[in-house]
Amino acid sequence: MRIDVVTLFPVLFEPFRQYGVVGRALTAGAVDFCVWNPRDFCRDPYRTVDDRPYGGGPGMVLRPEPLKTVLQQVKKARADGARTLLLTPQGQVFDHAAAVGLSRGDGFILVAGRYEGIDERLIESEVDEEWSIGDYVLSGGELGAMVIVDAVVRQRTGVLGDARSAAQDSFATGVLDHEHYTRPECFDGRAVPEVLLSGDHERIRRWRLKRALGRTWLRRPDLLAGAGLDGEAETLLEEFKQEYLQNKGGQ
Ligand code: 9D3
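From a predicted model like this one, the values you see are computed outputs, not experimental measurements. (Residues numbered from 1 in each chain as written. Predicted model: local features only at pLDDT ≥ 70, side-chain atom pairs only at ≥ 80, totals over all residues. Heavy atoms only, no water.)

### Quick look at the overall build of the chain
Consideration 1: Of regular secondary structure, the chain possesses ten helices and ten strands.
Consideration 2: Taken across its 251 residues, the chain has 41% of its residues classed as buried.
Consideration 3: Accessible area of the chain: about 14,900 Å², with a carbon and sulfur share of 50%. (Helix = DSSP H or I, 4+ residues; strand = E, 2+ residues; numbered from the N terminus. Buried < 20%, exposed > 50% of the residue type's maximum accessible area, 1.4 Å probe, protein only. Areas by Shrake-Rupley, 256 points an atom, 1.4 Å probe, with all protein chains shown as cover.)

### With respect to unusual backbone geometry
Consideration 1: In this structure, the amide linkage connecting arginine 183 to the following residue, proline 184, adopts the cis form with an omega of 5 degrees.
Consideration 2: Structurally, proline 184 is set in the loop between helix H7 (163-168) and strand E9 (186-187).
Consideration 3: Unlike most non-glycine residues, arginine 47 shows phi in positive territory, near 55 degrees.
Consideration 4: Looking at where arginine 47 falls in the secondary structure, it is placed in the loop between strand E2 (32-36) and strand E3 (50-51).
Consideration 5: Given the relative accessible area of 37%, arginine 47 is considered partly exposed.

### Remarks on the sheet that holds strand E1 (residues 2-6)
By way of backbone hydrogen bonds, the strands of a sheet pair with one another, either parallel or antiparallel.
Consideration 1: Within the open sheet, the five strands sit side by side as E2-E1-E6-E5-E8. Their pairing is parallel. The open sheet has two edge strands, E2 and strand E8 (129-132), and neither has a second partner. Between one strand axis and the next, the sheet turns through 30 degrees on average, direction left out of account.
Consideration 2: Inspection of the sheet shows strand E5 (residues 83-93) paired to strand E6 (residues 107-112) by five bridges, in the parallel sense. From the neighbouring strand, leucine 87 faces E6, where its bridge partner is alanine 112. (Pairing = 2+ DSSP bridges. Axes fitted to C-alpha atoms, helices over the stretch in contact; angles between N-to-C directions.)

### As for the site of the ligand
Consideration 1: Close to the ligand lie 15 residues; Glu116, Ile133, Gly134, Tyr136 and Leu138 are nearest.
Consideration 2: Side-chain polar atom of glutamate 116 to a nitrogen atom of the ligand: 3.2 Å apart, as the coordinates give it.
Consideration 3: Leucine 138 places a main-chain nitrogen or oxygen 2.8 Å from an oxygen atom of the ligand.
Consideration 4: For the ligand, whose unbound accessible area comes to 560 Å², protein coverage reaches 73%.
Consideration 5: Sort the elements by how many residues they give to the shell around the ligand and E5 lands first, with three residues.
Consideration 6: Here the shell around the ligand is composed, by residue class, of eight nonpolar, six polar and one charged. (Near = heavy atom within 4 Å. Polar contact = N/O pair within 3.5 Å; in protein donor to acceptor, adjacent residues only side chain to side chain. Nonpolar A, V, L, I, M, F, W, Y, C, P; charged D, E, K, R; others polar.)

### What to know about the pattern of salt bridges
Consideration 1: In this structure the tally under the stated criterion is 21 salt bridges.
Consideration 2: Here arginine 121 and aspartate 119 are joined by a salt bridge, their closest N and O atoms 2.7 Å apart.
Consideration 3: For aspartate 119, a relative accessible area of 14% gives the class buried.
Consideration 4: A salt bridge links glutamate 179 to arginine 211; the shortest N-O distance between them is 2.6 Å. Taken together, the residues span a long stretch of sequence, with glutamate 179 in the loop between H7 and E9 and arginine 211 in helix H8 (residues 201-219) at a distance of 32 residues.
Consideration 5: Judged by its relative accessible area of 13%, glutamate 179 falls in the buried class.
Consideration 6: Salt bridges linked by common partners bring Arg2, Asp4, Arg78 and Asp80 together as one network. (Salt bridge = Lys/Arg side-chain N within 4 Å of Asp/Glu carboxyl O.)

### A look at the nonpolar core
Consideration 1: One finds Ile3, Phe33, Phe94, Phe108, Leu110 and Ile148 to be the most contacted residues of the largest nonpolar core, which totals 27 residues.
Consideration 2: Among the secondary structure elements, those contributing two or more residues to this core are E1, helix H1 (13-18), helix H2 (20-27), E5, helix H4 (96-103), E6 and helix H6 (142-153).
Consideration 3: The element contributing the most residues to this core is H6, with seven residues.
Consideration 4: If you look at the next biggest cluster of nonpolar residues, it comprises 18 residues, including Leu67, Leu71, Ile109 and Leu122. (Core = buried A, V, L, I, M, F, W, Y, C linked by side-chain atoms within 4.5 Å.)

### Comments concerning the packing of H4 against H6
Consideration 1: Between H4 and H6, the shortest axis-to-axis distance is 8 Å and the interhelical angle comes to 70 degrees. When the interaxial angle is binned, H4 and H6 end up roughly perpendicular. With respect to the hand of their crossing, H4 and H6 are arranged in right-handed fashion. Of H6, the residues touching H4 (which contributes Ala99, Leu102 and Ser103) are Ile148, Ala151 and Val152.
Consideration 2: Here the residues of the contact of H4 with H6 are counted per class, giving five nonpolar, one polar and no charged. (Parallel < 35°, antiparallel > 145°, perpendicular 65-115°, else oblique. Left-handed = near helix turned anticlockwise from the far one by under 90°. Contact = heavy atoms within 4.5 Å.)

In structure tokens form, the structure reads like this:
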């Protein structure tokens, strides 16, 4: 898989590409990652990338020419017809299904905007899809690009040490994760739930599933609507609800 990112701030991607799951994927050669700066493709002596908006108003707009030049270079370098995705507050909200979809292809080109936005004609001529990462205001598309790369790269088999990890991620299963505990057995006067020390793997599995369902019901009931629970899950969730409503806490 190859991912290209077009950004005015390539340095922001330096630690991102060096560390963690993404860093290992790049080192292992599972993903080719290239960062391009439109400023390097400016023909004017001052290398200006922005200009004032037609019609007036605050802020600046990214000029179409440097972006067109850099995107044509990227597309020539790839020569695989990869889709070009623009990070923008006006885009579709990125989610796990989108991450899985993108992880199945050969890669894509991400364009991170800055300032008030990008000249619309560049979007019409060079951009295939527009994506947002959520309903809050960021200063630019770079964090959005990193979010997408991280979510996509961890879906690729072989990238995670344990192939089951990606499949068990929340949103992959449709429910939130259960609680986690490690040593010591007693911390700040709080014990680890007894069942986790029992060694009874079937009891532990049912407890974890019940906690996961219960937490999803309490915190993100919207997720449960699309989770498609089987009979066992339905039963465990009913147990959780009853215990919760009787104020037993549900251990
Ligand atoms: C005056 C109008 N501006 C503020 C609401 C519009 C605006 C332009 C550019 C707001 C933010 C940005 C920069 N943001 C992004 O490029 C961006 C983004 C975001 O702000 N939120 C969620 N996802 C994304 S992806 C790219």
